[in-house]
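# A structural walkthrough
Here's the letter readout for the chains.
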Amino acid sequence: MKTLYIGFFFLIICWTSFGQAHKSTELFQQISRLDSAMFHAYNQRDMPTFKQFFTSDLEWFQDNGGLLHYETVIANFQNIFNRDYVLTRKLVPGTLEVHPIKDYGAIHIGRHTFSHMENGKLEVGEFKFLMIWKNDNGQWKISRVVSYDH
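### Concerning the overall build of the protein chain
- When helices and strands are tallied, the protein chain shows four helices and seven strands.
- Ordering the α and β elements of the protein chain from the N terminus gives α-α-α-β-β-α-β-β-β-β-β.
- Every one of the 150 residues in the protein chain was classed for burial, and the buried ones make up 31%.
- Pairs at least 24 residues apart make up 50% of the contacts formed inside the protein chain by residues separated by at least 6 positions.
- Of the roughly 9800 Å² of accessible surface on the protein chain, 57% is carried by carbon and sulfur atoms.

### Some thoughts on the side chain of Ser143
- Within the element layout of this structure, Ser143 appears in strand β7 (residues 139-148).
- Leaving out residues up to four positions away in the same chain, Ser143 has contacts with Thr55, Asp57, Leu58, Glu59, Tyr104, Ile132 and Lys134.

### Topic: the pairing of strand β1 (residues 54-62)
- Pairing of β1 with β7, which is carried by five bridges, proceeds in the parallel orientation. Note that in β7 the partner of Gln62 across the bridge is Ser147.
- When β1 meets strand β2 (residues 66-69), the two strands line up antiparallel, connected through four bridges. Residue Trp60 lies in a different strand from β2, and its bridge partner there is Leu68.

### Here's the deal with the packing of aromatic side chains
- Overall, the coordinates contain twelve aromatic pairs when judged by the stated rule.
- Here the aromatic rings of Phe54 and Trp60 are separated by 6.2 Å at their centres, their planes lie at 50°, and the arrangement is tilted.
- Judged by relative accessible area, which is 3%, Phe54 ranks as buried.
- On the basis of relative accessible area, Trp60 is assigned to the buried category, the value being 11%.
- Cluster of aromatic residues (ring-pair linked, three or more members): Phe39, Tyr42, Phe50, Phe54, Trp60, Phe77, Phe81, Phe114 and Phe127.
- The ring of Phe39 carries the charged tip of Arg89 above its face, separated from the ring centre by 3.7 Å.

### Quick look at the pattern of salt bridges
- Tallied over the full model, the rule gives five salt bridges.
- The partner of Asp103 in a salt bridge is Lys102, with the nearest N and O atoms 3.0 Å apart. The same class applies to Asp103 and to Lys102, which are both exposed.

### Considerations on the environment of Ile142
- By the element assignment, Ile142 lies in strand β7.
- With relative accessibility at 0%, the residue Ile142 sits in the buried group.
- For the pair Ile142 and Met131, spaced eleven residues apart in sequence, the C-alpha to C-alpha distance is 6.6 Å.
- The contact partners of Ile142, leaving out residues within four places of it in the chain, are Met38, Phe53, Phe54, Thr55, Leu58, Met131, Ile132 and Trp133.

Conventions we followed
Residues numbered from 1 in each chain as written. Predicted model: local features only at pLDDT ≥ 70, side-chain atom pairs only at ≥ 80, totals over all residues. Heavy atoms only, no water. Helix = DSSP H or I, 4+ residues; strand = E, 2+ residues; numbered from the N terminus. Buried < 20%, exposed > 50% of the residue type's maximum accessible area, 1.4 Å probe, protein only. Contact = heavy atoms within 4.5 Å. Areas by Shrake-Rupley, 256 points an atom, 1.4 Å probe, with all protein chains shown as cover. Pairing = 2+ DSSP bridges. Phe/Tyr/Trp six-rings, centres within 6.5 Å; stacked < 30°, edge-to-face > 60°. Lys NZ or Arg CZ within 6 Å of the ring centre and 35° of its normal. Salt bridge = Lys/Arg side-chain N within 4 Å of Asp/Glu carboxyl O.

As structure tokens, then:
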């Protein structure tokens, strides 16, 4: 009986590991590349490139800001880009999750930090996010964002 439990436990571990490996292949790498490219544009204050990552019907839900739409989100980021200090975003290593959405795109979940120098001191905040990527014939854009734990 003990051997049966050990075998069953081993089978579950193998099945779970295979499932995770399958999830982290092509789709994971695609969304990871998009995350890097989008936030490279953000960190460089490259608004023309940055805003191309979002659909025109974007809905952005923020725990401390409510529901925002494309025009407001882009205006808010432009205000950030115009500040005297540089606000830098980094993905927290090991937190990226990617899950497919059948016939639509992908769910992109993780944690990231935003940092800047203020009064000679490094200020860093860590926050959680969930993004919905829409795949429109190979064109990946974010249609929904949930930004929380501020």
